[in-house]
Amino acid sequence: MNGYANLRLLVDSIVISEKDKKLHIKINLNAKFKRHKDCYDEEGNLTESVFIA
């Protein structure tokens, strides 16, 4: 299998939206994982990381 096929097994969907000139990306996975959220500033620096059990 190539990398793309492996990714399709892991990822169910990717939703990209924009609000107030900010880009939001939501990746829905095919498996149950802990909920995780990373927030980045305009320069791409990680500003917040949250794990929810």
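Residues numbered from 1 in each chain as written. Predicted model: local features only at pLDDT ≥ 70, side-chain atom pairs only at ≥ 80, totals over all residues. Heavy atoms only, no water.

Peer 1: Looking at this structure, I do not really get the environment of K34. What am I missing?
Peer 2: Mapping K34 onto the fold places it in the loop between β2 (22-29) and β3 (35-40). Overall, K34 belongs to the exposed group, its relative accessible area being 64%. Taking C-alpha positions, K34 is 6.1 Å from I52, a pair spaced 18 residues apart along the chain. (Helix = DSSP H or I, 4+ residues; strand = E, 2+ residues; numbered from the N terminus. Buried < 20%, exposed > 50% of the residue type's maximum accessible area, 1.4 Å probe, protein only.)

Peer 1: Could you clarify how one ought to interpret the pairing of strand β1 (residues 11-19) in this entry?
Peer 2: Remember that side chains alternate between the two faces of the sheet whenever the strand is regular. As defined by bridge partners, β1 adjoins β2 across eight bridges and the pair is classed as antiparallel. Bridged to E18 within β2 is L23. Connecting the antiparallel pair β1 and β2 is a turn made up of two residues, with D20 showing a positive phi of about 55°. (Pairing = 2+ DSSP bridges.)

Peer 1: Sorry, what's going on with the pairing of strand β4 (residues 46-52) here?
Peer 2: The sheet contact formed by β3 and β4 spans six bridges and is antiparallel. Its bridge partner being in β4, K37 is matched across the sheet by V50.

Peer 1: Would you mind going over the layout of surface pockets with me for this structure?
Peer 2: Vacant regions in the atomic arrangement are exposed by a probe of water-molecule size rolled over the atoms. Here the largest pocket defines a volume of roughly 1000 Å³. Surrounding the largest pocket, 21 residues form its lining, I25, K26, H36, K37 and D38 being those nearest its centre. Counting only elements with at least two residues in the lining of the largest pocket, the list comes to β2 and β3. Broken down by element, the residue count for the lining of the largest pocket peaks at eight residues, all from β2. Tallied by class, the residues present in the lining of the largest pocket amount to nine nonpolar, three polar and nine charged. (1 Å grid on protein atoms, 1.4 Å probe; cavity = no way out; pocket = protein on both sides within 12 Å on 5 of 7 lines; lining within 4 Å. Points joined across faces, edges and corners; volume = space filled by probe spheres on them. Nonpolar A, V, L, I, M, F, W, Y, C, P; charged D, E, K, R; others polar.)

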